Amino acid sequence: MSRALYSIFEWITRFAYINLLWILFTLAGGIILGLFPATVAMFSLVRQWLTGNSDQPVFSSFWQYYKNEFLKSNRLGIVVYLLSAVFLFNLFFLQANIGELFIWTSAPLLAGLLLFVIWLFYLFPTYVHYNLKVSQLFKNSFLTMLVSPLHTLIIFISLGASYFIYTVIPALGLVFGASFYSFITLWIVMHAFSRIQQKQSMNKIT
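Residues numbered from 1 in each chain as written. Predicted model: local features only at pLDDT ≥ 70, side-chain atom pairs only at ≥ 80, totals over all residues. Heavy atoms only, no water.

### Section: the overall build of the protein chain
Per the secondary structure count, the protein chain includes 9 helices and 0 strands. The order of α-helices and β-strands along the protein chain, N terminus first, is α-α-α-α-α-α-α-α-α. In terms of overall dimensions, the protein chain has a C-alpha envelope of 60 × 50 × 35 Å along the principal axes. Counting every position in the protein chain, which comprises 206 residues, the buried fraction comes to 37%. Here the contacts in the protein chain between residues at least 6 apart in sequence split such that 74% fall between residues at least 24 apart. When the accessible area of the protein chain is evaluated, it comes to approximately 12300 Å², of which 72% is carbon and sulfur surface. Averaged over its 11 positive side-chain charges, the protein chain has a centre that lies 14 Å from the centre of its 4 negative ones. (Helix = DSSP H or I, 4+ residues; strand = E, 2+ residues; numbered from the N terminus. Buried < 20%, exposed > 50% of the residue type's maximum accessible area, 1.4 Å probe, protein only. Contact = heavy atoms within 4.5 Å. Areas by Shrake-Rupley, 256 points an atom, 1.4 Å probe, with all protein chains shown as cover. Lys, Arg positive; Asp, Glu negative; His and termini not counted. Charge placed at Lys NZ, Arg CZ, Asp CG, Glu CD.)

Printed below as a string of structure tokens:
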């Protein structure tokens, strides 16, 4: 029992620690330049834990990922920032100029925004799971999203439950928000990757 409790508290501490590192390194990069390297570092570290490599030092590993992926992740970030700006600009423009008809006329835009958000769920897991160029990341994460509707539903349910918990206990969102998000999405999407690989292997055999 004491060993189990120690293990539980150790993992709670780990997730709180990488959440703190994510915040600090995001701020260190001026938020805009720090967000994507810090997020990639966090996902990379969580992936190591999920694959059984939990003995590596947290801070030095986080810093190594952050430093090594700084340029590549920010190239990805530029595209994501631009796409986000396009969606936000169009939403504000329609709301300001159409008024009551906003809901009906913006339906295609809202559908595109929903797809964009879902695609983001798959983007970082794809980044840390495969060694791909930035252009290939967009394609692979989008294709994985298209063939994994059940995994997407599970992500929404899991994140929705987490959000409910955070509204009840806001402090948990501050301490574990980003790290739990990375764990939930990465764990689910890695199952999607495994399922796709199994199908590919079966197709090769047949």
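### Observations concerning helix 6 (residues 107-129)
Because an α-helix packs 3.6 residues into every turn, residues spaced three or four apart end up facing the same way. The end-to-end C-alpha distance of helix 6, which contains 23 residues, comes to 34 Å, matching closely the 33 Å that a straight helix rising 1.5 Å per residue would cover. For helix 6, the complete set of buried residues consists of Leu109, Phe116, Ile118, Trp119, Phe121, Tyr122, Leu123, Phe124, Pro125, Thr126, Tyr127 and Val128. (Expected span 1.5 Å × (residues − 1).)

### Quick look at the nonpolar core
Counting residues in hydrophobic clusters, the biggest one holds 46 residues, and the most contacted among them are Ile18, Trp49, Phe62, Leu76, Val80, Tyr122 and Ile155. When residues in this core are grouped by element, the largest group, 10 residues, is from helix 6. Ile18 has contacts with Met42, Leu45, Val46, Trp49, Val58, Phe62 and Ser179, leaving out every residue within four places of it along the chain. (Core = buried A, V, L, I, M, F, W, Y, C linked by side-chain atoms within 4.5 Å.)

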